[in-house]
Amino acid sequence: MAKADIQEQYGLFINGEFVPASDGATFDAHNPANGEHLAYFAEATKEDVDSAVKAARAALPAWSKTSPIERQNILLKIADIIDANADHLALVETLDNGKPIRETKAADIPLGSDHFRYFAGCLRAWEGSATMLDDNTLSLILHEPVGVVGQVIPWNFPFTMACWKLAPALAAGNTIVIKPSSHTSLSLMELTRLIQDVLPKGVLNVITGKGSKSGQWLLDHPDLDKLAFTGSTEVGHGVYQAACDKLIPVTLELGGKSANIVFDDADLAQAVDGACKGILFNQGQVCCAGSRLFVQEGIFDEFVKHLKATFESVKIGDPTDPETQLGAQIYKSQQDKVLKYVQIGIDEGAKLITGGERYTENGCDKGFFMKPTILVTDKNSDRVCQEEIFGPVVVIQKFKTADEVIALANDSVYGLGGAVFTKNINTALKVARGVRTGRMWVNTYNDLPAGAPFGGYKQSGIGRETHKVMLEHYSQMKNIYINL
Ligand code: TAP
């Protein structure tokens with residue numbers, strides 16, 4: 001397997017310097033594809049978290065007064081650095097996360113740099129306003145940064161999620177303390193190493209460590225002005241509580257159980273491809289994965305036959321091989337959870353069409369590889385239709401009418417993504433408008449460019465990312481009311 005030029009040890013990044021944890025504690029990370037040790041990371045103590053927040057607080061006055069031009073130039077410089085190191089960062093991400101290099105090269109890393117470019121553009125066009133309320137009264141509206149932001153991101157898209165969080169927060173003039181998942185700290189630490197001299201000291205602080213300790217200490221820190229979190233709905237509840245306790249704003253990007261809906265008149269090849277993109281991208285470890293697939297009765301059997309054949313032809317294996325389509329699940333207990341869900345589905349009466357087990361051929365026995373899996377059921381109440389599996393497992397159901405499938409899609413506590421495949425624009429719009437989610441794709445799946453807002457209804461979150469509205473989420477509106 002390819003090797004990356006990485007350090008053996010990474011410190012915390014506090015006030016512009018890499019430092020060890022105050023008690024010297026470390027933890028290590030392994031490659032999920034073969035179990036090999038990758039690097040050691042400092043495990044932040046409560047004191048370290050406090051130092052990081054203090055550094056961010058001290059840096060805030062100067063950073064918040066930088067001109068939009070200065071911040072734009074810095075964001076563009078970061079984007080350039082990412083692009084110049086794209087191959088390195090893609091390999092790092094693949095080794096740390098197990099996702100195929102073809103995905104990190106085509107999606108994770110370029111989506112990250114594009115995010116910095118997008119917000120570099122937005123921030124210059126983000127004007128306040130001046131309104132004469134009457135002949136003697138002028139109302140000015142200015143945007144001010146919200147302040148010191150605490151951010152926590154998950155392991156499924158470590159690099160992209162970091163960019164989704166950092167770019168808008170920096171664009172709006174905030175200072176940051178961010179914590180990556182302890183399972184995947186490498187790409188953010190490598191990015192930090194590459195951009196350490198670009199930002200003034202203290203503007204960006206990165207703490208590594210376990211969520212239940214370092215992460216919780218960050219959320220609970222009393223001197224934060226905003227929390228931003230991407231991860232599970234379960235932990236998201238705790239983040240919301242922590243924000244409530246401090247009465248500070250919060251944005252949450254949480255879990256999903258998205259409906260991918262295929263009508264009889266869909267282009268079959270396009271819909272099968274969309275189903276694969278929906279559930280196999282990133283090994284199905286995607287918040288908006290199309291994990292519930294609804295296929296109309298007229299093409300049901302043919303569609304399932306095609307999807308089964310496509311799933312069985314997927315190239316599974318070494319994620320650093322450019323030909324590999326499906327890499328490794330993130331860690332053993334996550335893989336065990338996915339396998340357990342397959343059994344739960346079967347026990348509840350679902351039919352296993354293909355997959356449902358580990359993949360151990362071609363040197364994959366040391367990693368957490370899985371065969372793409374199809375279950376078919378007729379009960380949307382099954383746990384496999386209601387709970388987030390977070391693996392390459394799609395559950396297919398048959399439907400007759402648009403109204404029926406809209407009701408089935410909405411029978412979920414989540415509301416993050418979804419798609420509709422049809423050649424009829426009226427059907428597409430009826431379903432897209434009827435399903436209560438933040439994003440509905442039409443005739444595609446899992447495209448996530450900057451500029452199109454992404455975020456959840458219901459238990460899938462609060463707020464939108466990947467859109468200029470994030471600047472509002474990371475700012476306060478100041479009104480100056482002038483009696484002329
Ligand atoms: P979580 O277990 O919720 O972890 C997310 C992050 O929170 C990690 O950095 C984790 O650190 C940290 N964390 C865990 N417990 C914490 C606590 N008590 N206090 C503070 N931080 C804590 O989720 P995950 O397993 O990494 O990611 C998968 C979930 O994220 C899925 O549900 C998925 O749908 C969701 N997700 C949503 C989106 C969007 S955009 N909606 C995007 C990606 C993922 P450690 O890992 O070190 O424990």
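Above this note sits the structure.
The model shown is predicted, which means the values in this text are computed figures rather than measured ones.

(A) A look at helix α9 (residues 268-280). Taking 1.5 Å as the rise per residue, α9 with 13 residues should run 18 Å; its terminal C-alpha atoms sit 18 Å apart, in good agreement. Along α9, the residues that are buried comprise L268, A271, V272, G274, A275, C276, G278, I279 and L280. On its buried face, α9 is in contact with α4 (101-124), β13 (259-262), β14 (292-296), α10 (300-312), β17 (393-399) and β19 (418-421). If you check the start of α9, you find a side-chain oxygen 3.1 Å away from the backbone N of A269, and it comes from D267. Phi turns positive one or two residues past the end of α9, at N282, with a value near 60 degrees.

(B) The arrangement of the sheet that holds strand β5 (residues 37-42) in detail. Read from one edge of the open sheet, three strands run β1-β5-β4, paired in mixed fashion. Either end of the sheet is taken by a strand with one partner, and the two such strands are β1 (9-10) and β4 (26-30). Direction of pairing for β1 relative to β5: parallel, over a ladder of two bridges. Its bridge partner lying in β5, Y10 is registered against F41.

(C) Layout of the pattern of salt bridges. Considering all chains together, one arrives at 19 salt bridges under this definition. With its nearest N and O atoms 2.7 Å apart, the salt bridge here joins K371 to E357. Of this pair, K371 sits in the loop between β15 (351-354) and β16 (373-376) while E357 is found in the loop between β15 and β16, placing the two residues 14 residues apart along the sequence. You can call E357 partly exposed: its relative accessible area is 39%. Between K379 and D382 there is a salt bridge, and its shortest N-O distance comes to 3.2 Å. D382 sits in the buried class, given a relative accessible area of 2%. Overlapping salt bridges bring together R57, D223 and D225 as one network.

(D) Representation of the site of the ligand within the structure. What surrounds the ligand is a group of 29 residues, the closest being I153, S182, S232, L254 and E388. Side-chain polar atom of Q216 to a nitrogen atom of the ligand: 2.8 Å apart, as the coordinates give it. Protein chains shield 89% of the accessible area of the ligand, which is 910 Å² for the free molecule. Elements represented by at least two residues in the shell around the ligand include exactly α7 (211-220) and β11 (226-230).

(E) Quick peek at the sheet that holds strand β6 (residues 129-134). The strand order β6-β7-β23 describes an open sheet built from three strands, whose pairing is antiparallel. The strands lining the two open edges of the sheet, one partner per strand, are β6 and β23 (475-483). Within the sheet, the average angular offset between the axes of one strand and its neighbour, ignoring direction, is 25 degrees. Sheet topology note: the strand β7 (residues 137-145)/β23 ladder contains nine bridges and is antiparallel. Paired with E144 across the bridge in β23 is Q476.

(F) Quick peek at the nonpolar core. By size, the foremost hydrophobic cluster in this structure holds 105 residues, and its most contacted members are F116, L170, F303, L307 and I396. The dominant element in this core, judged by the number of residues it contributes, is helix α5 (residues 158-171), at ten residues. For F116, the residues in contact, after removing those within four places along its chain, are L75, I78, A79, I82, C163, L166, A167 and L170. Counting 27 residues, the second-largest nonpolar core is a separate cluster that includes A21, A56, I248 and L254.

(G) Broad picture of the pairing of β17. Judged by how many residues are buried, β17 sits mostly within the fold: six of seven residues are covered. Bridge count between β14 and β17: five bridges; the pairing is parallel. Within β17, the residue paired with F294 across the bridge is Q397. Of the pairings in the sheet, the one linking β16 to β17 comprises four bridges and is parallel in character. Directly across from I374, in β17, lies its bridge partner V394.

Cut-off values and rules
- Residues numbered from 1 in each chain as written.
- Predicted model: local features only at pLDDT ≥ 70, side-chain atom pairs only at ≥ 80, totals over all residues.
- Heavy atoms only, no water.
- Helix = DSSP H or I, 4+ residues; strand = E, 2+ residues; numbered from the N terminus.
- Expected span 1.5 Å × (residues − 1).
- Buried < 20%, exposed > 50% of the residue type's maximum accessible area, 1.4 Å probe, protein only.
- Contact = heavy atoms within 4.5 Å.
- Polar contact = N/O pair within 3.5 Å; in protein donor to acceptor, adjacent residues only side chain to side chain.
- Pairing = 2+ DSSP bridges.
- Salt bridge = Lys/Arg side-chain N within 4 Å of Asp/Glu carboxyl O.
- Near = heavy atom within 4 Å.
- Areas by Shrake-Rupley, 256 points an atom, 1.4 Å probe, with all protein chains shown as cover.
- Axes fitted to C-alpha atoms, helices over the stretch in contact; angles between N-to-C directions.
- Core = buried A, V, L, I, M, F, W, Y, C linked by side-chain atoms within 4.5 Å.

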